[in-house]
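Residues per chain are reported as follows:
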Amino acid sequence: MGNRETLGTKMLRKEYDHIILLAHGSPDPLWKEPFESLYHQVSQTYGEDNVSLAYMELTSPSLEDVVAMLGTEVRNVAVLPLFLAVGRHLRHDVPAQITALQTDELHIELLPPIGDDALVKQAMQTVVANHLGKV
């Protein structure tokens with residue numbers, strides 16, 4: 001990848017060559033729309049070569065599919081779960097997948113789920129307040 005900054009895109013954090021947005025997965029194509037929309041917005045900002053969308057189960061591409069498509073120049077990958085909280089998948093399943101996918105040439109880091117972020121928690125509180133009526 002060399003210089004990852006291109007006209008109109010911003011660089012990823014220097015420790016990551018690529019980020020994979022990881023959603024749970026569903027056989028319902030309508031379920032995927034919000035995640036695909038987020039992926040397209042993020043990839044426009046950071047470049048399609050720097051971001052991928054994968055699904056944990058029930059739809060494709062899987063995490064394994066995405067990692068298999070990465071170029072050999074990609075050495076450090078972050079997996080950002082688009083989950084609200086840590087459950088069985090993020091405690092056991094995804095770490096096991098990552099362990100199986102890592103090599104001496106490819107380091108994969110599992111980030112905390114987006115639901116752990118204070119901004120996401122605040123956004124959820126705002127949505128609830130908007131539905132209930134502000135005090």
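Note that the coordinates shown come from a computational prediction; the quantities given were computed from them, not determined experimentally. (Residues numbered from 1 in each chain as written. Predicted model: local features only at pLDDT ≥ 70, side-chain atom pairs only at ≥ 80, totals over all residues. Heavy atoms only, no water.)

Caption draft 1: Expanded view of the sheet that holds strand S1 (residues 18–23). An order of S2-S1-S3-S4 is seen for the four strands of this open sheet, with the pairing classed as parallel. Among the strands making up the open sheet, the edge pair consists of strand S2 (51–55) and strand S4 (107–110). Going from strand to strand, the sheet's axes swing by 25° on average, the running direction of each strand aside. Pairing geometry for strand S3 (residues 76–81) and S4, over four bridges, is parallel. Bridging across to S4, Asn-76 finds its partner in His-107. Lying on the sheet, helix H1 (residues 29–46) is in contact with S1 and S2; it crosses S2 at an angle near 165°. Strands S1, S3 and S4 of the sheet are contacted by helix H3 (residues 88–101), whose axis makes an angle of about 170° with S4. (Pairing = 2+ DSSP bridges. Helix = DSSP H or I, 4+ residues; strand = E, 2+ residues; numbered from the N terminus. Axes fitted to C-alpha atoms, helices over the stretch in contact; angles between N-to-C directions. Contact = heavy atoms within 4.5 Å.)

Caption draft 2: Main features of the environment of His-89. Position of His-89 among the secondary structure elements: in helix H3. Residue class for His-89 comes out buried when judged on its relative accessible area of 12%. Other than its neighbours up to four places away in sequence, His-89 contacts His-24, Met-56, Glu-57, Phe-83, Val-94 and Pro-95. Among the polar contacts made by the side chain of His-89, one reaches the side chain of Asp-93 at a distance of 2.6 Å. (Buried < 20%, exposed > 50% of the residue type's maximum accessible area, 1.4 Å probe, protein only. Polar contact = N/O pair within 3.5 Å; in protein donor to acceptor, adjacent residues only side chain to side chain.)

Caption draft 3: Seen up close, unusual backbone geometry. In this structure, the amide linkage connecting Ser-60 to the following residue, Pro-61, adopts the cis form with an omega of 5°. Here Pro-61 shows up in the loop between S2 and helix H2 (63–69). For Leu-58, which is not a glycine, the phi torsion comes out positive at approximately 70°. Checked against the element boundaries, Leu-58 lands in the loop between S2 and H2.

Caption draft 4: Examining H1 more closely. Between the first and last C-alpha of H1 there are 25 Å, a value that for 18 residues agrees with the 26 Å anticipated at 1.5 Å per step. Of all the bends in H1, the greatest measures close to 25° and is centred on Phe-35. All buried positions along H1 are accounted for by Lys-32, Phe-35, Tyr-39, Val-42 and Ser-43. On its buried face, H1 is in contact with S1 and S2. Here H1 starts with a cap whose side-chain oxygen sits 2.9 Å from the backbone nitrogen of Leu-30, and that cap is Asp-28. At the exit of H1 stands Gly-47, carrying a positive phi of roughly 95°. (Expected span 1.5 Å × (residues − 1). Bend = angle between axes of the 7 residues up to and from the residue.)

Caption draft 5: Quick look at the pairing of S3. Both S1 and S3 contribute to a ladder of five bridges, which runs parallel. From the neighbouring strand, Leu-21 faces S3, where its bridge partner is Leu-80. Once the chain exits S3 it traverses H3 before rejoining the sheet at S4, and the crossover so formed is right-handed. (Right-handed = clockwise from strand over helix to strand, strands pointing away.)

Caption draft 6: Structural detail: the pairing of S1. Of all six residues in S1, six are buried; the element is thus mostly enclosed. The side-chain alternation of S1 yields two buried faces, one formed by His-18, Ile-20 and Leu-22 and the other by Ile-19, Leu-21 and Ala-23.

Nothing here speaks to function; it is geometry throughout.
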